[in-house]
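# An overview of the molecular structure
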Amino acid sequence: MFIHAEGDQVRDKDLRAFLRVGTDSQDNYYEYDIPLKITSRGSSDPATIWPSENKLDVELRVFQAAKTARNNALFNGRPWPINRPFIYQDGVNTIIIKGQPDLSKVRVYMLGVRNPPRNPASPSGDDGLDKTAEVWFNELRLTDFDERGGWAATARMNAKLADFADVTISGSKSTIGFGSIDKRVSERNREDDILFDLSGNVELGKFFPERTGIKVPLYVNFSSQLGSPQFDPRNQDIEFKQVLGNSPRNIRDSLRFITEDYSSRKSINFTNVRKIKTNPQSKIHLWDIENLSATYAFNAFNHRDYINENTIQKTYRAGLQYNYAKQAKSITPFEKLIKSKSLGLIRDLNFSLLPSIINFDISVDRLFSENTLRDNDPNNFLPINTNFNKNFQMSRLYGISWNLTRSMQLDFNATNFSVIDEPDGRINGLKRDTLWQNLKKLGRTTDYNHSLNLTYNLPVNKIPGLDWVNISTAYQAGFNWQTEPLITLRDPLIDVGNTIQNSRAIRVNPGLSLTGLYNKFGFIRSAAQAENGAGKFLVNLLTSVKTVNGTYSKTQGTFLPGYLPSTDFIGQDVDASAPGYDFLLGSQSDIRGRALRNNWITQDSLLNQLYITTNREDLNLRALVEPFRDLRIELTAIKGQNFNYSTNFKYLPTTNSFANLSPVTTGDSTISFFTLRTAFAKENRDNNSSRLFKQLEENRAIISRRLGESNPNSAGTSGGYSDGYNKGSQDVLIASFLAAYTGK
């Protein structure tokens, strides 16, 4: 930057110009100060107007040298206070540093001129008077970027060890200043990076004889990354090499250790360790060891840098699976004894002794991590605590599929999630024993649910003459148990209890293939074979209904909060005999009475969850009518209703009893109706109004009176409408609409 100064009665070096650079202009800055050469008035020579002595040309490294000198300086026998300005001489120029300025985070540039105080040591150099001058600053700019280049290299090796292992080794290194050709100077590497990776897939089963069928797949991996910064993290505008050069030898290794960014990962995985059958023709049994498989995985991550003194994360996963699958064999005891088709219902009686599918899966997942921040402030007096994050879970899954008969199938699936509670802090000593005890107990169950699905095709078609009838049924039941929140579980003064809920769904699907029924009559078959004629037309009309299908479903559910018993066997608390196997299998009888008699519900007043029951019914009928060829008519009828009941069922200390608070019932209803009778009704030609709508309006008074007469709480009439049933009432409008548009 160029500086020009002129003025009357001002001599060279009477004034000094300065440039202040920093994160602010008061407490954290570098200041570069130079004496000014005064230009005489009327000068026209450019070299005189902009003298070289006034050229402010600063190399940033002198700021770094000044900060290093300040950091190594002493004041009254102690390290120089950062809030006290430190003066560093650069020839005739002066550098002042205060606070912790950082050239990588510059926010302020400040230009100024000062009349320095008179120096008592050399009074002849300064008259001590005020000065008046005119000073110009011109062309502040940044030049000569650090364009030191770097280099990078990568290497990789893949090795195949016979037929049992594949090993991959790779590494890379990049130095400070390396960057691709499209990177700007500011985007290049600012640290030396070294990466190493080793991974391998090994089939350990190859070390066993092939006839054993043992498979032990193993995957191992180790990787590390080390980054050495260009700049000191404590003073990010000073190169770390300079800091090391100015530090005693005995602490250089410690400085490297705390400033490096180091990460390492280790993992070992055994996936689906098992024994396979070497003889495909061998039979499958429940006790076969081939039904078992195991999995184990371990992963560890370690990290340290200038901020984090130590970061550790470890994950463990172990699992054991059992899978049995075999085509079920049906036993038909009467198949060889009965040959008559008329006794097909008895002849085809069958059952299966063993399930076709049995599966079981138990797995444990553990996450353990700890993090300790580095204490980088020498004035810090607060303790730096280690933070821990731990999560230890276990899941158990059960499943069975059983073809009880060829037309009846049972599926049952259950899932149990539990938490293995861990003591606080790092696990060692007695804490390790506590952890193992909780693990042996299979943890603390937090969530259990199961589902039951039973399907049955009624053998109606086995009855002589009813082979055109098919009826399939299904029963589905579900149950769920959830523990109370951990915060209330650990508080002896709060006991809001657990929650249970169940559901059941009943479905019936009848189907009538009336064509099969018609074909049982000879005259219908004969008429169908005729090419045309009145007889065939009449028979087609009589047999126009080809198929009739229906679906009826009923879905119900119950949700009960404040439930105190736990879960042992398929959701049942064996000691308390709660909630009962009927509830576990979907029973919708009110469980609250039984629960109160056995003290299953908490008396804690903090319970605010609602007791809820749901009930939904749906009926759907479909018929296909084909009076003659190329004309098909599909008729559909639906009806459905849904009711939801909820109440705050809780204990009231004032009455020493349980009560239903704010019970609410909501619901909806859906029904289809046939409007062919009024579909072609004509409009009123006089005023172009709808006769059907007019009829709806007239029906309202009639419907209102009928409803009022049936309700003893309705007192009298007003304007032709009963009390409580005016012309806008929902009950009145719906009934009036149905009556008008169905022609009744």
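Above this text is the structure in question.
The sections below set out a description of the structure shown in this document. Within each chain, residues carry numbers counting from 1 in the order of the written sequence. Reporting in this predicted model follows two pLDDT cut-offs: at least 70 for local features of residues, and 80 or more for side-chain atom pairs to be given and counted; totals over whole chains, interfaces and linings ignore these cut-offs and use all residues. For side-chain calculations, the full set of non-hydrogen atoms in the structure is used, while hydrogens and water are omitted.

A run of H or I in DSSP counts as a helix once it spans at least four residues, and a run of E counts as a strand once it spans at least two, with each numbered from the N terminus. Within the protein chain, the secondary structure is distributed over 15 helices and 33 strands. Computation of the radius of gyration draws on C-alpha atoms alone. For the globule rule, the value is 2.2 Å times the number of residues to the power 0.38. Computed over C-alpha atoms, the radius of gyration of the protein chain comes to 45 Å, more than 25% over the 27 Å expected from 2.2 N^0.38 for 744 residues, which places it beyond the range of a compact globule. With respect to the three principal axes, the spread of C-alpha positions in the protein chain is 140 × 95 × 75 Å. Exposure classes here rest on a 1.4 Å probe applied to the protein chains alone. A residue is buried below 20% of its type maximum, exposed above 50%, and partly exposed in between. Burial analysis of the protein chain (744 residues in total) assigns 32% to the buried set. Only heavy atoms enter the contact rule, under which two residues are in contact if any of them lie within 4.5 Å. For the protein chain, the share of sequence-separated contacts (at least 6 apart) that also reach a separation of at least 24 residues comes to 66%. Entry remark: accessible area of the protein chain is about 45600 Å², with carbon and sulfur atoms responsible for 55%. Counting rule applied: Lys, Arg positive; Asp, Glu negative; His and chain ends not counted. Throughout, a charge is located at the NZ atom of Lys, the CZ atom of Arg, the CG atom of Asp or the CD atom of Glu. In the protein chain, the 89 positive side-chain charges and the 79 negative ones have mean positions that sit 10 Å from each other. To measure how exposed things are, a 1.4 Å probe is used in the Shrake-Rupley method; for residues, cover is taken only from the protein chains shown.

So, on to the sheet that holds strand β7 (residues 93–98). Strand pairing is defined by DSSP finding a minimum of two bridges between the two strands. Taken together, the five strands give an open sheet; going across it, the order is β6-β7-β3-β2-β8, and neighbouring strands pair in antiparallel fashion. Bordering the open sheet on either side are β6 (86–90) and β8 (108–114), each of which pairs with just one other strand. Between one strand and the next, the sheet's axes are offset by a mean angle of 20°, whatever the strand orientation. Here strand β2 (residues 16–22) runs beside strand β3 (residues 29–35); their pairing, made up of seven bridges, is antiparallel. If you follow Ala 17 over to β3, its bridge partner there is Ile 34. An axis is simply a line fitted to the C-alpha atoms; with a helix, the fit covers only the stretch in contact. Between two such axes, the angle follows the N-to-C directions and lies from 0 to 180 degrees.

To continue, consider the packing of aromatic side chains. When two rings of Phe, Tyr or Trp (its six-membered ring) have centres within 6.5 Å they constitute a pair, described as stacked for plane angles under 30 degrees, edge-to-face for angles over 60, and tilted for the intermediate range. In the structure shown here, the tally under the stated rule is 16 aromatic pairs. Summarising the aromatic geometry, the rings of Phe 649 and Phe 658 are spaced 5.6 Å apart at their centres and angled 25° between planes, so their arrangement reads as stacked. Over the ring of Phe 257 we find Arg 304, and its NZ or CZ is 4.0 Å from the ring centre. Note on geometry: a ring has a charge over it if NZ (lysine) or CZ (arginine) is within 6 Å of the ring centre and within 35 degrees of the ring normal.

Okay, the nonpolar core next. Ile 3, Tyr 32, Ile 34, Leu 36, Leu 56, Phe 63 and Ile 95 are the most contacted members of the largest nonpolar core, which has 22 residues in total. Put simply, the parts of the chain that give this core at least two residues each are β1 (2–6), β2, β3, α2 (60–72) and β7. If sequence neighbours within four positions are ignored, Leu 56 has contacts with Met 1, Ile 3, Leu 19, Tyr 32 and Ile 34. The nonpolar core is taken to be a set of buried Ala, Val, Leu, Ile, Met, Phe, Trp, Tyr and Cys residues, with the residues joined through side-chain atoms within 4.5 Å. Core analysis: the next-biggest nonpolar cluster, separate from the first, contains 19 residues, Ala 414, Ala 477, Ala 595 and Tyr 611 among them.

Let's shift gears to the environment of Ile 38. Structurally, the position occupied by Ile 38 is in the loop between β3 and α1 (46–49). Here the alpha-carbon distance between Ile 38 and Lys 13, two residues 25 residues apart in the chain, equals 7.9 Å. Among all residues touching Ile 38, those that are not within four sequence positions of it are Ala 5, Glu 6, Gly 7, Val 10, Arg 11 and Asp 12.

Note the cis peptide between Ala 578 and Pro 579, where omega equals 0°. Tracing the chain through its elements places Pro 579 in the loop between β28 (545–563) and α11 (581–584). One non-glycine residue, Asn 599, lies in positive phi territory at about 55°. Position of Asn 599 relative to the elements: it lies in the loop between α12 (592–597) and β29 (611–628). The class of Asn 599 is exposed, set by a relative accessible area of 58%. Phi is positive for Ser 662, close to 55°, though the residue is something other than glycine. One can find Ser 662 in strand β31 (residues 657–671). Accessibility expressed as a relative area gives 62% for Ser 662, which makes it exposed.

Now for the environment of Asn 502. Looking at where Asn 502 falls in the secondary structure, it is placed in strand β27 (residues 498–513). Separated by 111 residues in the primary sequence, Asn 502 and Thr 613 have C-alpha atoms spaced 9.7 Å apart. By the criterion applied in these results, polar contacts are pairs of N or O atoms within 3.5 Å in which, for protein atoms, one can donate a hydrogen and the other can accept it, and in which residues neighboring in sequence qualify only through two side-chain atoms. At 3.0 Å, the side chain of Asn 502 and the backbone oxygen of Phe 583 are in polar contact. Within the structure, the side chain of Asn 502 is placed 3.1 Å from the side chain of Gln 588, a separation counted as a polar contact.

Quick look at the pattern of salt bridges now. When a carboxyl oxygen of Asp or Glu is within 4 Å of a side-chain nitrogen of Lys or Arg, the pair counts as a salt bridge. Per the counting criterion, the structure on display carries 33 salt bridges. Residues Glu 31 and Arg 20 are paired through a salt bridge, measuring 2.5 Å at the closest nitrogen-oxygen approach. Here Glu 31 is found in strand β3, whereas its partner Arg 20 is found in strand β2, with 11 residues between them in sequence. Per residue, the accessibility class of Glu 31 equals that of Arg 20, and both read buried. Linking Asp 467 and Lys 520 is a salt bridge whose minimum nitrogen-to-oxygen distance equals 3.0 Å. Separated by 53 residues along the polypeptide, Asp 467 in the loop between β25 (444–458) and β26 (469–482) and Lys 520 in the loop between α8 (514–518) and α9 (522–529) bring together distant segments of the chain. A network of salt bridges, in which partner residues are shared, links Arg 16, Arg 20, Glu 31, Asp 33 and Arg 114.

Quick look at the packing of helix α14 (residues 691–710) against helix α15 (residues 730–741) now. Look at α14 against α15: their axes get within 8 Å of each other, and the N-to-C directions meet at 130°. By the angle between their directions, the pair α14 and α15 is classed as oblique. Handedness of the crossing formed by α14 with α15: right-handed. Contacts between α14 and α15 involve Leu 692, Phe 693, Gln 695, Leu 696, Asn 699, Arg 700, Ile 703, Ser 704 and Leu 707 from the first element and Asp 731, Val 732, Leu 733, Ala 735, Ser 736, Phe 737, Ala 739, Ala 740 and Tyr 741 from the second. Polarity classes work like this: nonpolar for Ala, Val, Leu, Ile, Met, Phe, Trp, Tyr, Cys and Pro, charged for Asp, Glu, Lys and Arg, and polar for all others, with Gly in that last group. Looking at the contact of α14 with α15 residue by residue, the classes come out as 12 nonpolar, four polar and two charged. Roughly parallel means an angle under 35 degrees; roughly antiparallel means over 145; roughly perpendicular covers 65 to 115; every other angle is labelled oblique. Crossing handedness: left-handed means the near helix sits turned counterclockwise from the far one by under a right angle, and right-handed means the same turn made clockwise.

What follows deals with the pairing of β25. With 12 bridges connecting them, strand β24 (residues 408–419) and β25 associate as antiparallel partners. Paired with Gln 409 across the strands is Thr 455, a residue of β25. Taken together, the 12 bridges between β25 and β26 define a ladder with antiparallel strand orientation. Bridged to Leu 452 within β26 is Ala 477.

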